[in-house]
Amino acid sequence: MRLLAKYNRVNLVTTIIMILITGAIYYQAISWILTNQKDKDLAIEEQEVFDYVRSNHQLPQTFESNDQQITFAEAAPGSVKREFVNTMYFKKWDQDDVHEKHRHKNGEYESGRGLITSVTVGNKYYKILIVESKVETEDLIRLIFTITIGVILLLLLVLLVTNRLILNRLWQPFYKIMKELRLFSVADTRDIPKLKTSIDEFKELNQVVVEMASRAKHDYKDLKTFAENASHELLTPIAVINSKLDTLIQTENFSDRQSKLLNDLYSAVSRLNRLNQSLLLLVKIENRLLHEQKRINLHELVEEMIIQFEEIFQAKDLKLTYRLGDKEIYASSYLVEILLNNLISNAIRHNHNGGEVIINLTDQHLLIQNTGDQLPLPNEIFTRFHKSSGSEGSGLGLTISRQICENFGFSLNYYFKEGYHTFIVDFKEGHS
């Protein structure tokens, strides 16, 4: 989820919660204020009744209006407790209202606010009920609350639209920096441009990215130059050593010990040459310097590799079982051939005479299994220069194989099950 969307969502949820909470508090506050005002009006009416009784020593006439009713009823002395109550107010209709509404024969009940109190006239004790209609008060509360909520919602809408427009514009420099980072390549000669923005944080971010890209390109250039020079410098002495060995072999009268020493020298020089080529290839793969890619029929390529290794399978008396489905990938044929060569030769080299090799190609994966040691290989098999004590390889074959797979978005994994060492290239994470 984008930061802007996350911010808007959190902002919206927080605002809605605050509106609900403050709306409830606001509604209760207005209701309490208007109810308190109504209670003051009832207390004034009560005082007027008391003043009338004190002056005239009798109860006033029963008073009723459209908004107020006062009733008196005899009661036992001291039985009435003075209190304000929410009650119902019976509103009588005028003659015109009866024809229009037809809700009740003489009127209808509506919410009201009442005051229960008492008064003594002579030797008689009376209960007084003063009731006023709350309809106008409730209508006023609803009107005020509706207007307030409407203003808040309008303000919220304006705030969201403004935030969306302003924040989108404010974050444009960040998206431009991200775009440049996606297009960045250490092998590209184009530099990341400096961004023009008035926001200090984005200025600093752009400056850091530009400096980082510059350092990365400089380090890459130094590494590339070093690797090329080292490889070139190694080729010359290796060629000289091979030439001298060839000249030396042409001489006569070698003892068995001298022949063995010459053979060891040839093997060492050959390993040194393979190591040099492997390291140079690994640098090129890691830095994506091999750009030639095309559609490859993997079925045909695996078949060709099997034919190339046919004599070696027979020499070691290995049973080969393969099932090849149709599969095409978009990759470098040079690197894919190296991958297949490494995996198949690895299955042969670490197998025993009379063992078995299984190759299975489907649309999802390439699986190569082989018999051999009855113990699983360690987790470090894909680490550079890791090899078993008896291996004559450089320890880079599986490292190069995994790097090739990662370059094309594939995955290379190993597991040991039921006596078979299994390497599986999974195409599902890549593109075909």
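Peer 1: Before we go on, may I ask you to explain a negative patch on the surface in this structure?
Peer 2: A contiguous patch of negative charge, built from Glu-300, Glu-303, Glu-304 and Glu-337, is present on the exposed surface. The element best represented in the negative patch is helix α7 (residues 298–308), accounting for three residues. If you trace the backbone, Glu-337 turns up in helix α9 (residues 333–349).

Peer 1: Explain the side chain of Asn-346 here, please?
Peer 2: As for its placement among the helices and strands, Asn-346 is situated in helix α9. For Asn-346, a relative accessible area of 10% gives the class buried. With residues up to four places along the chain from it excluded, the contact list for Asn-346 reads Asn-341 and Phe-423.

Peer 1: Quick question: what am I supposed to make of the environment of Val-336 here?
Peer 2: With respect to the helices and strands, Val-336 occurs in helix α9. Sequence separation between Val-336 and Phe-408 is 72 residues; the distance between their C-alpha atoms is 9.9 Å.

Peer 1: Please explain the sheet that holds strand β9 (residues 356–361) as it appears in this structure.
Peer 2: Pairing between the strands of a sheet is mediated by backbone hydrogen bonds and can be parallel or antiparallel. Strand order in the open sheet formed by five strands is β7-β9-β10-β12-β11, with mixed pairing between adjacent strands. Looking along the sheet, the strands with just one partner apiece sit at the ends: β7 (319–324) and β11 (411–417). Averaged over all pairs of adjacent strands, the angle between their axes in this sheet comes to 10°, without regard to strand direction. As judged from the five bridges shared by β9 and strand β10 (residues 365–370), these two strands associate in the antiparallel manner. Across the sheet, Val-357 pairs through a bridge with Asn-370, a residue of β10. Each of β7 and β9 is contacted by α7, which is oriented at about 170° to β7, the strand it contacts most. With respect to the sheet, α9 is in contact with β9, β10, β11 and β12 (420–426), its orientation differing from that of β10 by roughly 25°.

Peer 1: What am I meant to see in the pairing of β9 here?
Peer 2: When a strand is regular, its side chains alternate between the sheet's two faces. The buried fraction of β9 amounts to six of the six residues, a majority that puts the element mostly inside the structure. Side-chain alternation along β9 places Glu-356, Ile-358 and Asn-360 on one buried face and Val-357, Ile-359 and Leu-361 on a second face that is also buried. Across six bridges, the pairing between β7 and β9 is parallel. What sits directly across from Tyr-322, in β9, is Ile-359. Counting the residues in the hairpin turn of β9 and β10 gives three residues.

Peer 1: What am I meant to see in the packing of aromatic side chains here?
Peer 2: Where two aromatic rings form a pair, the distance of their centres and the angle of their planes describe that pair. Within this structure, the stated rule accounts for seven aromatic pairs. For the ring pair Trp-171 and Phe-174, a centre distance of 5.2 Å and an interplane angle of 85° mean the geometry is edge-to-face. Considering the side-chain rings of Trp-171 and Phe-202, the 5.5 Å spacing of their centres and the 65° angle between planes classify their relative orientation as edge-to-face. Placement of the pair is Trp-171 in the loop between α3 (135–170) and α4 (172–183) and Phe-202 in helix α5 (residues 200–249), with a sequence separation of 31 residues. Since its relative accessible area comes to 23%, Trp-171 is described here as partly exposed. Put simply, the rings of Trp-171, Phe-174, Tyr-175 and Phe-202 pair up and form one aromatic cluster.

Peer 1: Teacher, can you tell me more about the side chain of Glu-132 here?
Peer 2: Relative to the elements of secondary structure, Glu-132 occurs in strand β5 (residues 124–133). Using a relative accessible area of 8% as the deciding quantity, one classes Glu-132 as buried. Contact partners of Glu-132, with chain neighbours within four places excluded, come to Lys-38, Asp-41, Leu-42, Glu-45, Asp-67, Gln-68, Tyr-89, Gly-112 and Arg-113.

Peer 1: I keep staring at the packing of α7 against α9 and nothing clicks. Help me out?
Peer 2: When two helices pack together, their arrangement is given by the angle between the helix axes and by the axis-to-axis distance. For the pair α7 and α9, interaxial distance at closest approach is 10 Å and the crossing angle is 50°. One finds that α7 runs oblique with respect to α9. Crossing of α7 against α9: the hand is right-handed. Contacts from Leu-298, Leu-301, Val-302 and Met-305 in α7 reach Val-336, Glu-337, Leu-340, Asn-341 and Ile-344 in α9.

Peer 1: How should I be thinking about the pattern of salt bridges in this particular structure?
Peer 2: In a structure, side chains of opposite charge can pair up when their charged atoms sit close to one another. Under the criterion given, the structure shown has eight salt bridges. As a salt-bridge pair, Arg-295 and Glu-328 come within 3.7 Å of each other at their nearest N and O atoms. Highlighted residues: Arg-295 in strand β6 (residues 294–297) and Glu-328 in strand β8 (residues 328–331), separated in sequence by 33 residues. Judged by its relative accessible area of 42%, Glu-328 is partly exposed.

Peer 1: Just checking my understanding: could you explain α9 for this structure?
Peer 2: In an α-helix, one turn spans 3.6 residues; hence positions three or four apart end up facing the same way. Here α9 contains 17 residues, and its C-alpha end-to-end distance of 24 Å stays within 8% of the 24 Å for a straight helix at 1.5 Å per residue. Of all 17 residues in α9, 12 are buried; the element is thus mostly enclosed. Taken together, the buried positions of α9 are occupied by Leu-335, Val-336, Ile-338, Leu-339, Leu-340, Asn-342, Leu-343, Ile-344, Ser-345, Asn-346, Ala-347 and Ile-348.

Peer 1: Even after reading the chapter, I still don't get the environment of Ala-24, so can you show me in this structure?
Peer 2: Following the sequence through the fold, Ala-24 ends up in helix α1 (residues 3–56). For the pair Ala-24 and Phe-145, spaced 121 residues apart in sequence, the C-alpha separation works out to 9.6 Å.

Peer 1: Before we go on, may I ask you to explain the pairing of β8 in this structure?
Peer 2: The two faces of β8 differ: Ile-329 and Ala-331 on one face are buried, but Glu-328 and Tyr-330 on the other face are not. As paired elements, β6 and β8 share four bridges and run antiparallel to each other. The residue of β8 that forms the bridge with Ile-296 is Ile-329.

Parameters at a glance
- Residues numbered from 1 in each chain as written.
- Predicted model: local features only at pLDDT ≥ 70, side-chain atom pairs only at ≥ 80, totals over all residues.
- Heavy atoms only, no water.
- Patch = residues over 30% accessible without salt bridge, like charges linked within 9 Å, V, L, I, M, F, W, Y side chains within 5 Å.
- Areas by Shrake-Rupley, 256 points an atom, 1.4 Å probe, with all protein chains shown as cover.
- Salt bridge = Lys/Arg side-chain N within 4 Å of Asp/Glu carboxyl O.
- Lys, Arg positive; Asp, Glu negative; His and termini not counted.
- Charge placed at Lys NZ, Arg CZ, Asp CG, Glu CD.
- Helix = DSSP H or I, 4+ residues; strand = E, 2+ residues; numbered from the N terminus.
- Buried < 20%, exposed > 50% of the residue type's maximum accessible area, 1.4 Å probe, protein only.
- Contact = heavy atoms within 4.5 Å.
- Pairing = 2+ DSSP bridges.
- Axes fitted to C-alpha atoms, helices over the stretch in contact; angles between N-to-C directions.
- Phe/Tyr/Trp six-rings, centres within 6.5 Å; stacked < 30°, edge-to-face > 60°.
- Parallel < 35°, antiparallel > 145°, perpendicular 65-115°, else oblique.
- Left-handed = near helix turned anticlockwise from the far one by under 90°.
- Expected span 1.5 Å × (residues − 1).

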